[in-house]
Amino acid sequence: MAQPFHIIPIFATGIRTYYTKTNKRDYQLISIIPPTNLYYTMKQIYAPFAKPLYVMTKPIGSVCNLACNYCYYLEKTYLYKDISKHVMSEELLDRFIKEYISSQTMPQVLFTWHGGETLMRPLSFYKKAIDLQKKYAGGRTIDNCIQTNGTLLNDEWCCFFKENDWLVGISIDGPQEFHDEYRRSKQGLPSFVKVMRGIELLNKHDVKWNAMAVVNDYNADYPIEFYRFFKSIGCHYIQFAPIVERICMQHDGRHLASPMQDGDKMADFSVTPEQWGNFLCKLFDEWVKNDVGQYFIQLFDSTLANWVGEQPGVCTMAKTCGHAGVMEFNGDVYSCDHYVFPEYKLGNIYQNTLVEMMYSERQQKFGLMKQRSLPTQCKECEFLFACNGECPKNRFAKTTSGESGLNYLCKGYYHFFKHIAPYMDYMKHELHAHRSPANVMEALRKNPLLFRCR
């Protein structure tokens, strides 16, 4: 499960044009993605303590009412099998909110509630969180976003989200056939109908929401059907996340490999590099014809950001990472949501402050390693600026020369970047000329040969 991303994308409509149509409040950090996906709409200069301290929290741990086959987080329950009840106490909630707000050096504070299934905590828990945020805000602007599978949504939840201006991220894997292939209950029952009912309730109450869709071995060959489904349900903000996992049995019952472990056996549900590249190319071709500035795909906005030298909206495409940690239900803090393994535990909020953990030498090294561990093939690649090696979690392949550390999805990303380069060059030129990159659609209609691949 990933996080919801920002309502206003960074470049797709042209920030200079859109800024005149939108009040300044809308250009603040109003919710995330995944980055662990911090998604900014104005240029940021990054330096220690000059960016928001960001810690996503898990009020229900890995507990969920679904049992999605590909979920990387369900098995985290084995890390806490000596604890009977995986729920965040009100004492910890108070401590976390107070310390999280006081640790910020920016006037905006973003809270991200993640799971497991976040709505398995009662509404009273989140009402308490709102009260505590108001108590400790100290003049800061507080924003909230929450990720959910959508099956437990009702009118009461939606009224709460609307009244408190929360952004909701919905996990949905496209049309029913695709979604129900892997996203089922513990009893093996499909979940699509319940998710769609939840989306209808969000729309009924005018709640801001966006979609997170996992691209796996089953749906990766149908990018157009996938994309058109989201358009058909009125979803304008979409994150497509490739699922990549390796199998490595652990002594405690877990079966997914950590980034530090060897393991050549890919999980059956993983997307292949070829599938991922083809998926992105076909998706982009469909999007760029008519939808630039109307439908926002996180990876496309982040790619354009890198193309023009701006900070991308997702940590996987940035030069470094480590700015977004995660806190479990008992106060344990880890380096990243995809690094919740014993070897990446930074400490516990009862023993260490969030500042001590997130700005520790250990965490700083973790973030810098994304760039420093790149193999030679990456460093010499013409598209290094565009992907920066993607997520280190996926760097378990070997280069053509046999060097370790190549991203498993490299072949797919290279195919994608090669394919879209003429379009990105054109949109970059439009931005530099203070025009909207959405002009690429008219240029494509008038002269398709202008965008012939390099």
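The notes below deal with the structure included here. Because the structure is predicted, anything quoted here is derived from the model rather than measured.

## A word on the overall build of the protein chain
The secondary structure content of the protein chain amounts to 15 helices and 12 strands. Carbon and sulfur atoms make up 51% of the accessible area of the protein chain, which amounts to about 18500 Å² in all.

## Remarks on the packing of aromatic side chains
A full pass over the atoms with the stated rule returns 52 aromatic pairs. With centroids separated by 6.1 Å and ring planes inclined at 10°, the aromatic side chains of phenylalanine 111 and tryptophan 113 adopt a geometry described as stacked. The two residues phenylalanine 111 and tryptophan 113 agree in class, both being buried. Between tryptophan 113 and phenylalanine 125 the ring centres are 6.2 Å apart and the planes differ by 85°, which places this aromatic pair in the edge-to-face class. You can see tryptophan 113 sitting in strand E2 (residues 108-113) and its partner phenylalanine 125 sitting in helix H3 (residues 123-136), a full 12 residues away along the chain. For tryptophan 113, a relative accessible area of 0% puts it in the buried group. Exposure remark for phenylalanine 125: the relative accessible area of 3% places this residue in the buried category. Cation over ring: lysine 76 sits above phenylalanine 341, and NZ or CZ is 3.7 Å from the ring centre.

## So, the nonpolar core
Phe161, Ile172, Phe230, Phe240, Phe284 and Phe417 are the most contacted members of the largest nonpolar core, which has 112 residues in total. Per-element tally for this core: the top contributor is helix H14 (residues 410-432), with nine residues. Not counting residues within four places of it along the chain, the set of residues in contact with phenylalanine 230 comprises Ile172, Gly174, Ala211, Ala213, Cys235, Ile238 and Phe240. With 11 residues, the next largest nonpolar core counts Cys64, Cys68, Val214 and Phe269 among its residues.

## Let's talk about the pairing of strand E8 (residues 324-327)
Of the two faces of E8, both are covered, the one formed by Ala324 and Val326 as well as the one formed by Gly325 and Met327. Taken together, the two bridges between E8 and strand E9 (residues 332-334) define a ladder with antiparallel strand orientation. Among the inter-strand pairings, methionine 327 is bridged to a residue of E9, identified as valine 333. What sits between E8 and E9 in their antiparallel hairpin is a turn of four residues, with glycine 331 showing a positive phi close to 100°.

## A short note on empty space enclosed by the protein
Put simply, the second largest cavity is a space of about 120 Å³. Among the residues making up the lining of the second largest cavity, the classes are represented as seven nonpolar, three polar and five charged.

## Regarding the pattern of salt bridges
Once their charged atoms are close, side chains differing in charge can pair, the charge on each being opposite to the other. Applying the stated criterion across every chain, the model contains 16 salt bridges. Of the charged contacts in the structure, one is a salt bridge between lysine 411 and glutamate 274, with a shortest N-O distance of 3.3 Å. Pair noted here: lysine 411 is in helix H14 and glutamate 274 is in helix H8 (residues 273-290), with a separation of 137 residues, a long-range link. By relative accessible area, which is 56% here, lysine 411 ends up exposed. On the basis of relative accessibility, which here comes to 39%, the residue glutamate 274 falls in the partly exposed class. When the shortest N-O distance is used, the salt bridge between lysine 446 and glutamate 442 registers 3.8 Å. Separated by four residues within a single helix, lysine 446 and glutamate 442 lie in helix H15 (residues 440-446), roughly one turn from each other. With relative accessibility at 36%, the residue glutamate 442 sits in the partly exposed group. Sharing partners across several salt bridges, the network here consists of Arg228, Glu286 and Lys289.

## Quick notes on unusual backbone geometry
The omega torsion across glycine 115 and glycine 116 is 10°, close enough to zero to call that bond cis. Mapped onto the elements of the fold, glycine 116 is located in the loop between E2 and H3. Of note in the backbone geometry, aspartate 165 takes a positive phi value of approximately 60° without being a glycine. A positive phi angle is found at asparagine 388, which is not glycine, with a value near 55°.

## Points about the packing of H8 against H14
One way to put it is that H8 packs onto H14 with a least axis distance of 6 Å and a crossing angle of 20°. With respect to H14, the axis of H8 lies roughly parallel. Pair H8 / H14 crosses with left-handed handedness. On H14, the residues touching Pro273, Glu274, Trp276, Gly277, Asn278, Leu280, Cys281, Phe284, Asp285 and Val288 of H8 are Lys411, Gly412, Tyr413, His415, Phe416, His419, Ile420, Tyr423, Met424 and Met427. When grouped by side-chain class, the residues that make up the contact of H8 with H14 number 12 nonpolar, five polar and three charged.

Calculation rules
Residues numbered from 1 in each chain as written. Predicted model: local features only at pLDDT ≥ 70, side-chain atom pairs only at ≥ 80, totals over all residues. Heavy atoms only, no water. Helix = DSSP H or I, 4+ residues; strand = E, 2+ residues; numbered from the N terminus. Areas by Shrake-Rupley, 256 points an atom, 1.4 Å probe, with all protein chains shown as cover. Phe/Tyr/Trp six-rings, centres within 6.5 Å; stacked < 30°, edge-to-face > 60°. Buried < 20%, exposed > 50% of the residue type's maximum accessible area, 1.4 Å probe, protein only. Lys NZ or Arg CZ within 6 Å of the ring centre and 35° of its normal. Core = buried A, V, L, I, M, F, W, Y, C linked by side-chain atoms within 4.5 Å. Contact = heavy atoms within 4.5 Å. Pairing = 2+ DSSP bridges. 1 Å grid on protein atoms, 1.4 Å probe; cavity = no way out; pocket = protein on both sides within 12 Å on 5 of 7 lines; lining within 4 Å. Points joined across faces, edges and corners; volume = space filled by probe spheres on them. Nonpolar A, V, L, I, M, F, W, Y, C, P; charged D, E, K, R; others polar. Salt bridge = Lys/Arg side-chain N within 4 Å of Asp/Glu carboxyl O. Axes fitted to C-alpha atoms, helices over the stretch in contact; angles between N-to-C directions. Parallel < 35°, antiparallel > 145°, perpendicular 65-115°, else oblique. Left-handed = near helix turned anticlockwise from the far one by under 90°.

Purely geometric numbers; function is a separate question.
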